[in-house]
Amino acid sequence: MTEPEKIEKGSVRLFTSGTDHTLVPEDRYSRFSYPKLIKLMKFDVRRYRINGFGNMMTMRTKGPFGMRLLTMSFMPFEGNSVPYLLTDIMEVGKKRLIFVEYYDCTAERSEQPLLKRVCEKYSGVPDYEEKPAWYIGERTGYSMIKSLEADSKVSLSEIAADSIRAYKKSAFSAGKSGENLAGLMKFRERMINEGNPSSDILKKVFGEKGAADFFKKCVMPEK
């Protein structure tokens, strides 16, 4: 089992433990590949509805040359006063990357001491240099974009677990506001219209309308 697969199982167990949650039934977005005949990339999507929070999505991608990618989206559509969390964990060759991206769409933009503490804990891990994109400037300062070396003293699993543990505690102890959902919907439209890391491949698989529908139903659903 690859590390991204282990992280998926651990993250779902960690975030859903002790909650009233359900697994969304499979549909056309649960398993797909690209291209359809050669299947160089295979995708496996799971969605969980979590009472008191909203939606958690996991998407595992198997690609060429041993590439393994795990994307996890935490959508607080019940209006919790916490940022939207999007994570990506990638292994390909000796490269190991983790993106812990917080997008604060809340009305009050309240302080998040638990999330900041995790960021400070891993401040010594080298940052990964990204290509320019509009959404980079929308992230909070306690987001983490890290590249782990082969001799790193920390693991992808550690960073992911610490981040999700802190996020869960913050999310379930936060207040709620209908204005927070409005902010999330505005950000979702920007991710669809201005582009996100998955835009190109999703459009190739589902077409432009289908890609937008995938984002609305799987990545950032509103109910």
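Report on the accompanying structure. Remember, predicted model here, so these are calculated numbers, not experimental data.

The rules behind the values
- Residues numbered from 1 in each chain as written.
- Predicted model: local features only at pLDDT ≥ 70, side-chain atom pairs only at ≥ 80, totals over all residues.
- Heavy atoms only, no water.
- Helix = DSSP H or I, 4+ residues; strand = E, 2+ residues; numbered from the N terminus.
- Buried < 20%, exposed > 50% of the residue type's maximum accessible area, 1.4 Å probe, protein only.
- Contact = heavy atoms within 4.5 Å.
- Areas by Shrake-Rupley, 256 points an atom, 1.4 Å probe, with all protein chains shown as cover.
- Lys, Arg positive; Asp, Glu negative; His and termini not counted.
- Charge placed at Lys NZ, Arg CZ, Asp CG, Glu CD.
- Pairing = 2+ DSSP bridges.

1. Topic: the overall build of the protein chain
Phase 1 of the analysis: Looking only at helices and strands, the protein chain has five helices and eight strands in total.
Phase 2 of the analysis: Helices (α) and strands (β) of the protein chain occur, in sequence order from the N terminus, as α-β-β-β-β-β-β-β-α-β-α-α-α.
Phase 3 of the analysis: Principal-axis analysis of the C-alpha atoms gives the protein chain an extent of 50 × 45 × 35 Å.
Phase 4 of the analysis: The buried share of the protein chain, taken over its 223 residues, is 52%.
Phase 5 of the analysis: Within the protein chain, contacts between residues separated by at least 24 positions form 61% of all contacts whose residues are at least 6 apart in sequence.
Phase 6 of the analysis: Total accessible area on the protein chain stands at roughly 11400 Å², and carbon and sulfur atoms take up 52% of it.
Phase 7 of the analysis: Considering the protein chain, the positive charge centre built from 38 side chains and the negative charge centre built from 30 side chains are found 5 Å apart.

2. Re the pairing of strand S8 (residues 144–148)
Taken residue by residue, a regular strand's side chains alternate between the two faces of the sheet.
Phase 1 of the analysis: Burial runs high along S8: five of the five residues are buried.
Phase 2 of the analysis: Burial along S8 is two-sided: Met144, Lys146 and Leu148 and Ile145 and Ser147, pointing in opposite directions, are all buried.
Phase 3 of the analysis: Bridge count for strand S7 (residues 95–103) against S8 is five bridges, and the pairing is antiparallel. By the bridge assignment for S8, Ile98 is matched with Lys146.

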